[in-house]
Amino acid sequence: MATYVYVAAQDDNKLSIFSLDEASGSLTRVGEEPVTGGPSLLAISPDKQTMYAGHREVPEITSHSINQETGELTQTGSVVPPGQPAFLSTDRTGRFLLSSYYADGKAAVHPLGDDGSVGGAATCVLDTDTGAHSIQTDRSNRFAYVPHIARQNDNVLEPPKNIPAPNIIYQFRFDADSGTLTANDPPTLAQDDMIGPRHLTYHPSLDVVYFSNEQGSSVSSYTIDGSGRLTSLETVSTLPAGVSERNTCSQIQFSPDGKLLFGPIRGHNSIASFTVDGEGRLTPADHASTEAVPSAFSLDPSGRYVYAAGSATGQLASYGIDPGTGAMTPLGTYSVGERPMWVLTTTLG
């Protein structure tokens, strides 16, 4: 078994592939895969056999088989999606690929072949609203949520454009037999403040979902009832006290044991960590300075290391994680190409 780190460099049209030394957290570059069309999104199948890439310059989703010995990729399929994809994820069975569309205001589902390849027409395309930023099914594979941010085109390197976006979470039922989404009751959950839910992650053992808030620089958590409805649990800031510079949150991820939660902050240019109690509530733990505009990051599958890409610097920063406290220790940086927009780690073999 070996662990690999994949980094999508949108403006260089390539994926960098690194092998991970699990004793030290250091990375060794083992290859680069050319991927045309501005690769900006990555997802992986539950069996770790197939990787999916979303392309930004020319709307496309491609599938790639993963060599379990070397980590190399071979394209197996492609499909033209109903817009420019902003997020990809498989359902919990690996039979369907879900996608959201920021500019086009849509959510879609595509069937996957027996080998994990993409290519079939969408089983479902639904209109939501502009700013649809991610989509994932819950642990039961019966529900899916699509967060929509509060301001469009909110580049942290520029003053706010103040282009309104919905600031809302769409709630769906997911049929794992047919691969279709239908509106839940109620179909949406509005936000009290202009916090802008962006990405989401599920607690690995509790029926609780967490959203990183792009404009609010915070994390909001919700319990999920048996019908898939969300009830607010809490909202916690990702920022240290006294921070005044402009900030936006990007992604969000749990440690495998569910005891730590992490999220990068663009502007403050750091990663925030939280400890998580038995009810899913958060306590701020640490901040680690990182490369400028950390739009993408990933924990390794053991939860001992975290890797964050600076989309403004083309560098990947690495950190060791204290599993008890959530404290992060800088380890090193690696060049990964222009505008890295996704980091994915996986253990193969």
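Going by the structure above, here's the rest.
Quick notes on the rules
- Residues numbered from 1 in each chain as written.
- Predicted model: local features only at pLDDT ≥ 70, side-chain atom pairs only at ≥ 80, totals over all residues.
- Heavy atoms only, no water.
- Helix = DSSP H or I, 4+ residues; strand = E, 2+ residues; numbered from the N terminus.
- Rg over C-alpha atoms; globule rule 2.2 N^0.38 Å.
- Buried < 20%, exposed > 50% of the residue type's maximum accessible area, 1.4 Å probe, protein only.
- Contact = heavy atoms within 4.5 Å.
- Areas by Shrake-Rupley, 256 points an atom, 1.4 Å probe, with all protein chains shown as cover.
- Pairing = 2+ DSSP bridges.
- Polar contact = N/O pair within 3.5 Å; in protein donor to acceptor, adjacent residues only side chain to side chain.
- Salt bridge = Lys/Arg side-chain N within 4 Å of Asp/Glu carboxyl O.
- Core = buried A, V, L, I, M, F, W, Y, C linked by side-chain atoms within 4.5 Å.
- Phe/Tyr/Trp six-rings, centres within 6.5 Å; stacked < 30°, edge-to-face > 60°.

Engineer: What is the right way to read the overall build of the chain from this model?
Structural biologist: Assigned secondary structure in the chain consists of 0 helices and 31 strands. Against the 2.2 N^0.38 benchmark of 20 Å for 349 residues, the chain shows a C-alpha radius of gyration of 18 Å, consistent with a compact globule. Viewed in the frame of its principal axes, the chain has a C-alpha envelope of about 50 × 50 × 40 Å. When burial is assessed residue by residue, the chain has 56% of its 349 residues classed as buried. Restricting to contacts in the chain with at least 6 residues of sequence separation, those with at least 24 account for 49%. Accessible area of the chain: about 13000 Å², with a carbon and sulfur share of 47%.

Engineer: So what exactly am I meant to see when it comes to the sheet that holds strand E13 (residues 143–148) here?
Structural biologist: Strands belonging to one sheet form pairs held by backbone hydrogen bonds; the direction of such a pair is parallel or antiparallel. Strand order across the open sheet formed by 4 strands is E12-E13-E16-E17, with antiparallel pairing between neighbours. Here the strands that pair on one side only, and so sit at the sheet edges, are strand E12 (136–137) and strand E17 (180–190). Sheet analysis places E12 next to E13, joined by 2 bridges and oriented antiparallel. Across the sheet, Thr137 pairs through a bridge with Ala144, a residue of E13.

Engineer: When you look at the environment of Ala190 in this model, what are you seeing that I'm missing?
Structural biologist: Among the structural elements, Ala190 can be located in strand E17. Under the relative-accessibility criterion, Ala190 is labelled exposed at 57%. Apart from the residues within four sequence positions on either side, Ala190 is in contact with Asn167 and Ile168.

Engineer: Looking at this structure, how should I read the side chain of Lys14?
Structural biologist: Along the chain, Lys14 turns up in strand E2 (residues 14–20). Note on Lys14: relative accessible area 16%, which makes it buried. Within the structure, Lys14 has its side chain in polar contact with the side chain of Glu32 (distance 3.0 Å).

Engineer: Would you take a moment to explain the pattern of salt bridges for this structure?
Structural biologist: Opposite charge on two side chains makes pairing possible when the charged atoms of those side chains draw close. One pass over the full model with this rule turns up 13 salt bridges. For Lys106, the salt bridge identified is with Asp127, shortest N-O distance 2.6 Å. Placement of Lys106 in strand E10 (residues 106–111) and of Asp127 in strand E11 (residues 124–127) is noted, with a sequence separation of 21 residues between them. Between Asp154 and Arg151 there is a salt bridge whose closest N-O contact spans 3.2 Å. For Asp154, a relative accessible area of 8% puts it in the buried group. On the basis of relative accessibility, which here comes to 22%, the residue Arg151 falls in the partly exposed class. In the salt-bridge network here, residues are joined through shared partners; they are Lys14, Arg29 and Glu32.

Engineer: Which parts of the structure should I look at to understand the nonpolar core?
Structural biologist: Nonpolar side chains tend toward joint burial in soluble globular proteins. Within the largest apolar cluster, 41 residues are counted, with the highest numbers of intra-cluster contacts made by Tyr6, Leu42, Met51, Ile135 and Leu181. The next biggest cluster of nonpolar side chains, apart from the first, holds 14 residues, and it includes Val208, Val219, Leu261 and Leu282.

Engineer: Please clarify how the environment of Val125 should be interpreted in this entry.
Structural biologist: Note that Val125 resides in strand E11. For Val125, a relative accessible area of 40% translates into the label partly exposed. Not counting residues up to four positions away in its chain, the partners in contact with Val125 are Pro82, Lys106, Ala107 and Ala108.

Engineer: What am I meant to see in the side chain of Ser63 here?
Structural biologist: Relative to the helices and strands, Ser63 is located in strand E6 (residues 60–66). Excluding residues within four positions of it along the chain, Ser63 makes contact with Thr50, Met51, Tyr52, Thr74, Gln75, Thr76, Gly77, Gly116, Ser117 and Val118.

Engineer: Would you mind showing me how to read the packing of aromatic side chains here?
Structural biologist: For any pair of aromatic rings, geometry is given as the distance between the ring centres together with the angle between the planes. Counted according to the given criterion, the structure contains 7 aromatic pairs. Each ring, one from Phe96 and one from Phe174, has its centre 6.2 Å from the other, and the planes form 80°; the classification is edge-to-face. One end of the pair, Phe96, is in strand E9 (residues 96–101); the other, Phe174, is in strand E16 (residues 168–175), with 78 residues separating them in the sequence. Judged by its relative accessible area of 4%, Phe96 falls in the buried class. Under the relative-accessibility criterion, Phe174 is labelled buried at 6%.

Engineer: Please explain the pairing of E2 as it appears in this structure.
Structural biologist: Looking down a regular strand, the side chains alternate between one sheet face and the other. Of all 7 residues making up E2, 6 are buried, and the element is well covered by its neighbours. When strand E1 (residues 2–9) meets E2, the two strands line up antiparallel, connected through 6 bridges. Its bridge partner being in E2, Tyr4 is matched across the sheet by Ser19. Counted between consecutive antiparallel strands, the loop separating E1 from E2 contains 4 residues, among which Asn13 sits at a positive phi close to 50°. Note that E2 and strand E3 (residues 27–34) share 7 bridges and pair antiparallel.

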